[in-house]
Amino acid sequence: MPNETLTVTDNRTGLNYTLPLFRGNIRATDLRQIRTGPDDFGVMSYDPAFLNTACCQSSITYIDGDKGVLCYRGYPIEALAETCSFLEVAHLLLFGHLPEADELKDWDDKIRQHALVHENVKKFMDGFHHDAHPMGMLVSTLAALSTFYPSARHVKDPGERDLQVLRLVAKVPTIAAYAYRHSLGLPYVYPDDTLGYAENFMSMLWKRTELKYNVNPVLAKALNILFILHADHEQNCGTTAMRSVGSSLPDPYVTAAAAAAALSGPLHGGANEEVLHMLDEIGSVENIPAYIAKVKAGEFRLMGFGHRVYKNYDPRARIIKQTAEQVFAISGRNPKLDIALELEKIALEDPYFVQRKLYPNVDFYSGIIYQAMGFSTDMFTVLFAIPRMVGWLAQWQEMLEDSEQKIARPRQIYVGETQPAPVGV
Ligand code: CMC
């Protein structure tokens, strides 16, 4: 049995410390015993942007960034995307196992029942300006749901938590679709409980005057896959917001609003929208070398490239690339795909990107496929947020059940004035 400890020598004092390794890691609080004297606070770890800090133990999602592996609860993402419905995967993430047939029926029925939103939500959304960004509408409306369900604040009650999980997973497509219809000035379409999760979302988005929306099964299947790929991704910025905000025990509606706000940024979920703007700006294949030169000169980043964890091809990007072909067979080929493919080819050969291990991430191809399916660019991040709600809620539940978790409260290294400044001088 190897000695699972680390010996640290403090060269200031000459003292040695034996730190136990916990699953191969040190606990940061064990560093505090390393002090120069009784008045010394002790050593902390300094890690801006959490480059090398684990903030929790989790059994939900596994990523091997070097090998390009992603698994939910032990199942490879490729197998889940090929064989499962989004609600099966949601069940897996939230409850830890793939549902049996009767469990799936019960879960699916409940989601259909809870898809309606209070009529006042429509009035609330009517107040948004006609050109409000759908992500802004989603974030605000998620927070507003908190006022409709006051008992949701009892976050220590597992029964209450389960009810809010159901409501959030069921209602987020409805809110997303209302945001879309609002920006077009179209009447809101109520959920259709005879349709599956992705199909119902498409109906709420695109139904016009027909009695029943005619769902294209190929597009519904593609949306189902896209939802599965985006459902969770361990401790990313949005999920960290969910856990961090949730640690002070607010209700899950305001907590999920915080996570959605984090997702909306261009370095995170907002990147899919930025990729399309970038492809528009590049315009044609001949302009790519000049564009890459500017990226390498540090003028801006290649959107949809690079990842904090993946130092290999993002497995989600590979699946999206395959799914795109099926969508293009219906919608016609998106001409932006040629620019994206050439951009990827050049970038994957260029030493700047090779040395930094910058590969296409999930957002590189998702926007192109969303556009081919008929979504407007400003809906792209909303399409990311719908399935990610499942991951946020699974991580939130796990955090609340973890006896080691407390209110998130990092330390700082104070570098400001230490002498009290004279007042009124
Ligand atoms: N284009 C050009 N250079 C890049 C890029 C890029 N997209 N990403 C990283 N680099 C360079 C960066 O300039 C740095 O170079 P140097 O060492 O010379 O200073 C090096 O690569 C390391 O970058 P970093 O900023 O330290 O890496 P990070 O782990 O902090 O950032 C990232 C990760 C995803 C924010 C970043 O790669 C990025 O900004 N990518 C573009 C935005 C994007 O596509 N975001 C979606 C991420 S995947 C989905 C999601 O999380 O929501």
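Within each chain, residues carry numbers counting from 1 in the order of the written sequence. Since the coordinates come from a predicted model, pLDDT governs what is reported: local features require at least 70, and pairs of side-chain atoms require 80 or more to be given and counted, while whole-chain, interface and lining totals use all residues. Side-chain calculation: all heavy atoms of the structure are included, whereas hydrogens and water are not.

**Quick look at the overall build of the chain**
So the rule is basically this: Helix numbers and strand numbers start at the N terminus; a helix is a DSSP run of H or I with at least 4 residues, a strand a run of E with at least 2. For a compact globule the rule gives 2.2 Å times the number of residues to the power 0.38, and the radius of gyration it is set against comes from C-alpha atoms. Buried, partly exposed and exposed residues are distinguished by accessible area as a fraction of the type maximum, computed with a 1.4 Å probe on protein chains only: under 20%, between the cut-offs, and over 50%, respectively. Whether two residues touch is decided by their heavy atoms; if any such pair falls within 4.5 Å, the residues are in contact. With residues, only the protein chains shown are counted as cover, and all accessible areas are computed by Shrake-Rupley using a 1.4 Å probe. Under the convention used here, Asp and Glu are negative, Lys and Arg are positive, and both His and the chain ends fall outside the count. For this purpose, a charge sits on NZ of Lys, CZ of Arg, CG of Asp or CD of Glu.
Counting its secondary structure elements, the chain contains 17 helices and five strands. Here the chain has a C-alpha radius of gyration of 24 Å; the compact-globule value for 425 residues is 22 Å, and the two agree. If one aligns the C-alpha atoms of the chain with their principal axes, the spans along those axes are about 80 × 65 × 55 Å. When burial is assessed residue by residue, the chain has 48% of its 425 residues classed as buried. When contacts within the chain are restricted to residue pairs at least 6 apart in sequence, long-range pairs at least 24 apart make up 70% of them. For the chain, the exposed area adds up to about 21,000 Å²; of that, 54% sits on carbon and sulfur atoms. Of the side-chain charges in the chain, 40 are positive and 50 negative, and the distance between the mean point of each set is 2 Å.

**Structural notes on helix α17 (residues 380–400)**
Applicable threshold: Take the number of residues in a helix, subtract one, and multiply by 1.5 Å to get its expected span. What is called the bend at a residue is the angle between a pair of axes, fitted to the seven residues leading up to and ending at it and to the seven starting from it.
The end-to-end C-alpha separation of α17 is 30 Å, in line with the 30 Å expected for 21 residues at 1.5 Å each. The largest bend in α17 amounts to roughly 40 degrees and is located at Pro387. Taking burial as the measure, the 21 residues of α17 include 21 buried ones, the bulk of the element.

**Focus on the domain arrangement of the chain**
Quoted interface sizes are often the accessible area lost when the parts come together. Our working definition: The split into domains, and so the bounds of each, comes from an automatic or database assignment of domains.
As assigned here, the chain comprises domain 1 (5–46) and domain 2 (271–372). A separation of 44 Å is found between the C-alpha centroids of domain 1 and domain 2.

**Some words on the nonpolar core**
Formally: Here, nonpolar core refers to any group of buried Ala, Val, Leu, Ile, Met, Phe, Trp, Tyr and Cys residues whose side-chain atoms link them within 4.5 Å.
Formed by 122 residues in total, the largest nonpolar core has its most connected members in Tyr72, Phe201, Met278 and Phe375. With 14 residues, the top contributor of residues to this core is α17. With sequence-adjacent residues up to four places away left out, Phe375 is seen in contact with Phe201, Leu205, Trp206, Leu223, Tyr370, Phe380 and Leu383.

**As for the pattern of salt bridges**
Where we set the bar: The salt bridge criterion pairs a side-chain nitrogen of Lys or Arg with a carboxyl oxygen of Asp or Glu, the two atoms within 4 Å.
Applying the stated rule across the entire model yields 15 salt bridges. Where Asp10 meets Arg12, a salt bridge forms, and the shortest distance between an N and an O atom there is 2.9 Å. Assessed through its relative accessible area of 6%, Asp10 is described here as buried. Here Glu404 and Arg27 are joined by a salt bridge, their closest N and O atoms 2.8 Å apart. Here Glu404, found in the segment after α17, pairs with Arg27, found in the loop between β2 (15–20) and β3 (61–64); they are 377 residues apart in sequence, far enough to count as distant. Of the residues examined, Arg27 reaches a relative accessible area of 32% and is grouped as partly exposed.

**With respect to the site of the ligand**
Which entries qualify depends on this criterion: Here a residue is near a molecule or strand as soon as one of its heavy atoms is found within 4 Å of it. Under the rule applied, a polar contact is a pair of N or O atoms within 3.5 Å (in protein, one hydrogen donor and one hydrogen acceptor; residues adjacent in sequence only if both atoms are side-chain atoms). For this scheme, ten residues count as nonpolar: Ala, Val, Leu, Ile, Met, Phe, Trp, Tyr, Cys and Pro. Four count as charged, namely Asp, Glu, Lys and Arg, and the remainder, Gly too, count as polar.
Contacts to the ligand come from 20 residues, most closely from His268, Arg301, Leu302, Gly304 and Arg308. Within the contact set of the ligand, an oxygen atom lies 3.3 Å away from a backbone nitrogen or oxygen of Gly269. Compared with its free state, where it exposes 930 Å², the ligand has 72% of that area covered by protein. Looking at the shell around the ligand residue by residue, the class counts come to 10 nonpolar, six polar and four charged.

**Here we look at the state of the cysteines**
We count it as follows: Any two cysteine sulfur atoms within 2.5 Å of one another count as a disulfide.
Evaluated as defined, the whole model comprises zero disulfides. Of all cysteine sulfurs, the one in Cys55 lies closest to Cys56, which takes part in no disulfide; the gap is 4.1 Å. The thiol of Cys71 is unpaired, and the distance to the nearest cysteine sulfur, on Cys84, comes to 13 Å. Overall, the relative accessible area of 11% leaves Cys71 in the buried class.

**As for a nonpolar patch on the surface**
Put simply, the rule is: Think of a patch as exposed residues, more than 30% relative accessible area, with no salt bridge, where like charges cluster within 9 Å and nonpolar side chains (Val, Leu, Ile, Met, Phe, Trp, Tyr) cluster within 5 Å.
Residues Phe41, Met44, Tyr46, Ile413 and Val415 make up a contiguous nonpolar surface patch of roughly 560 Å² in combined accessible area. On the basis of relative accessible area, Phe41 is assigned to the partly exposed category, the value being 40%.

**With respect to the environment of His268**
With respect to the secondary-structure elements, His268 resides in the loop between α10 (252–263) and α11 (271–282). The spatial distance from the C-alpha of His268 to the C-alpha of His307 is 9.6 Å, given a sequence separation of 39 residues. Setting aside residues up to four positions removed in sequence, His268 forms contacts with Asn236, Cys237, Gly238, Ala262, Leu263, Asp363 and Arg388. Separated by 3.4 Å, the side chains of His268 and Asn236 make a polar contact.

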